[in-house]
Protein chains: 2
Amino acid sequence: MNRIITISREFGSGGREVGRRLAQALTIAYYDQEIVTALINRTPEAEEYIRYMAAKRPLPLLPITTARTFGVPTNCAVAKNLNFYIQESSVIREAAERSDCVIVGRCADYILQDLKPFRLFIYADMRFKIERCREKGADAAEMTDKALQQKMISIDKRRAHYYQFYTGRNWGDKANYDVCINTTHADMGKIVLAIEKCIL
Amino acid sequence: MNRIITISREFGSGGREVGRRLAQALTIAYYDQEIVTALINRTPEAEEYIRYMAAKRPLPLLPITTARTFGVPTNCAVAKNLNFYIQESSVIREAAERSDCVIVGRCADYILQDLKPFRLFIYADMRFKIERCREKGADAAEMTDKALQQKMISIDKRRAHYYQFYTGRNWGDKANYDVCINTTHADMGKIVLAIEKCIL
C-alpha cells in the first residue's frame, strides 16, 4: 500500500507550503486543488505529470504556487456540485493508488480512509496568518487587517461547509486527524522533519 | 531560557508515557501531578530529586508509574482549592526555572506561558483508550467497556473543568497548543522522535 499523507489546513497557516516541502523531502507526488482540477481537465501539463508518475519518478512538477490568492476559485460553484466531487474523488483515488503522495485539501482524508492515510491538520493564530498573507500574497496589500481577517474566516467557513457536506464530519476537529500542527512562529523545516519521523 | 515542554492529555491516551519517554530521550527533568505533590509535601524522595536537579543532572528519578489508576487522586479536593493551585504553580515555576523539563498536566502551559513552553496535547479514539487502559491498568479489569468509558469521560470532564477554572481557556482546544497528537495506533517511539525534531 502506498504511503499517503493528507493535509487539511486553515487559510494562511502555510499548509500548502508544508505539503510542498514534505513531498519534496520525501520525493513523492504532490496534489492540491489546482493539480486535481488540471487532472480532471486533462491539461497537457497534467498528462505530462501523470507520465512522470507512471514512470515511477514521483516528483512535484506541475507549475503551482504556494502564495496566497484571494480570487474565488474558478471551480467554486462546480466544486459544490456532486458530479465534480465524484470526478475529484476519482482523480484523488487514482493518484493515491499510483504512488506515494501528499494531497492537500479536497476531503482526501475522508475519500482515502480505507487506505489509512496519515492525516495532518495545519493551523495558526489569526495574527500570524494575517502577517503570513501580507508576506506571501500581493492580493492582501490593499486590504485592512479587518478585511483580511473577514476574508480568511469566510474562506475557512467555506472549507468547513464543503468538508461537512461531503464527509458528515467537522472540519478541524482534531479527532479526525493524526497530528495537528500550529505553525504560529514555527520553523517549517523542523515541522517537515518532525512529520517525516512520524511516518517513516 | 530553559527548554520547557508541557503536555496536556486525555485520560488513557498515553500522554504520561509520551512525557516520560521524551524526558528520558532528552535527558531532562520530568514532572507530573504525583511529583509536584511530593515536592509540595517535601517528601524525602522529592528533596533527593531536587538535589539531583541542583547538581545539573536532570534525570527523572522519582518512583512514578505510567500505568492507569482510577482511584480519585488524594489531593482531588485540595486541587480545587486556590491555595493549593498557588503552591502547585510555585513548584512548577521553580522547576521550569531550575532546568529543562517536561511537565504533564497541572495547567503548566498556562502557568509558564511567559517562558514560551512547547505545548503538546495528546489524545486518542475512545476505543483505543479503552484497550490501552485494559492493558495498563489492573483497575480496569473488572469494569465493563461502558463503565470504563464513563469513568474516562468523567475524568476528562474534571480536567477540562479544572483547566477552564484556572486559565479561562478551553481544555483540548487546539488553538492553545503547538502540536496535538492522536496516539491511536501510533508508535510511541516515533512520536518522541518527531517531538524532538520540533523542539531541537
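Residues numbered from 1 in each chain as written. Chains lettered and ligands numbered in written order. Predicted model: local features only at pLDDT ≥ 70, side-chain atom pairs only at ≥ 80, totals over all residues. Heavy atoms only, no water.

*Asks:* Got a minute to help me understand the overall build of chain A in this structure?
*Replies:* The helix and strand tally for chain A stands at nine helices and five strands. Each helix and strand of chain A, placed in order from N terminus to C terminus, yields the pattern β-α-β-α-α-α-α-β-α-β-α-α-β-α. Looking at chain A as a whole, 54% of its 200 residues qualify as buried. If you take every contact in chain A between residues at least 6 apart in sequence, the share linking residues at least 24 apart comes to 74%. Surface exposure of chain A reaches about 9300 Å², of which carbon and sulfur atoms provide 51%. (Helix = DSSP H or I, 4+ residues; strand = E, 2+ residues; numbered from the N terminus. Buried < 20%, exposed > 50% of the residue type's maximum accessible area, 1.4 Å probe, protein only. Contact = heavy atoms within 4.5 Å. Areas by Shrake-Rupley, 256 points an atom, 1.4 Å probe, with all protein chains shown as cover.)

*Asks:* Where do I start with helix H2 (residues 33-41) of chain B in this structure?
*Replies:* Counting along an α-helix, one turn takes 3.6 residues, and residues three or four places apart therefore face a common direction. Buried residues of H2(B): B:Ile35, B:Val36, B:Thr37, B:Ala38, B:Leu39 and B:Ile40, and no others. Phi turns positive, to about 50°, at B:Arg42, one or two residues after H2(B).

*Asks:* Where do I start with the pattern of salt bridges in this structure?
*Replies:* Side-chain pairs of opposite charge can arise whenever the charged atoms involved come near each other. Applying the stated criterion to the full structure yields 30 salt bridges over all chains. Across the pair B:Asp32 and B:Arg16 runs a salt bridge whose closest N-O atoms are separated by 3.0 Å. One end of the pair, B:Asp32, is in the loop between strand S2 (29-31) and H2; the other, B:Arg16, is in helix H1 (residues 15-26), with 16 residues separating them in the sequence. Assessed through its relative accessible area of 1%, B:Asp32 is described here as buried. You can call B:Arg16 buried: its relative accessible area is 11%. Salt bridges sharing common partners tie together A:Glu17, A:Arg21, A:Arg132 and A:Lys136. (Salt bridge = Lys/Arg side-chain N within 4 Å of Asp/Glu carboxyl O.)

*Asks:* Got a minute to help me understand the packing of helix H2 (residues 33-40) of chain A against helix H5 (residues 82-98) of chain A in this structure?
*Replies:* Helices that pack against each other are described as a pair by the angle of their axes relative to one another and the distance between those axes. Residues and elements named next belong to chain A. Relative to each other, H2 and H5 sit at 100°, their axes nearing to 10 Å. Classed by the angle they form, the pair H2 and H5 counts as roughly perpendicular. The residues of H5 that touch H2, namely those facing Val36, Thr37, Leu39 and Ile40, are Phe84, Gln87, Glu88, Val91 and Ile92. Its residues assigned to classes, the contact of H2 with H5 comprises six nonpolar, two polar and one charged. (Axes fitted to C-alpha atoms, helices over the stretch in contact; angles between N-to-C directions. Parallel < 35°, antiparallel > 145°, perpendicular 65-115°, else oblique. Nonpolar A, V, L, I, M, F, W, Y, C, P; charged D, E, K, R; others polar.)

*Asks:* Just checking my understanding: could you explain the relation of the copies chain B and chain A for this structure?
*Replies:* For the pair of chain copies, the relating transformation is a rotation about an axis with a translation along it. Between the two copies, chain B and chain A, the superposition gives an RMSD of 0.0 Å; the rotation angle is 180° and the shift along the axis is 0.0 Å. The two molecules are tied by a two-fold rotation axis, judged by turn and shift. Minimal C-alpha distance to the rotation axis in chain B is attained by B:Ala194, lying at 2.1 Å. Most of the interface of chain B is mirrored in chain A: 100% of its interface residues are interface residues there too. (Least-squares fit on C-alpha atoms with pLDDT ≥ 70 in both.)

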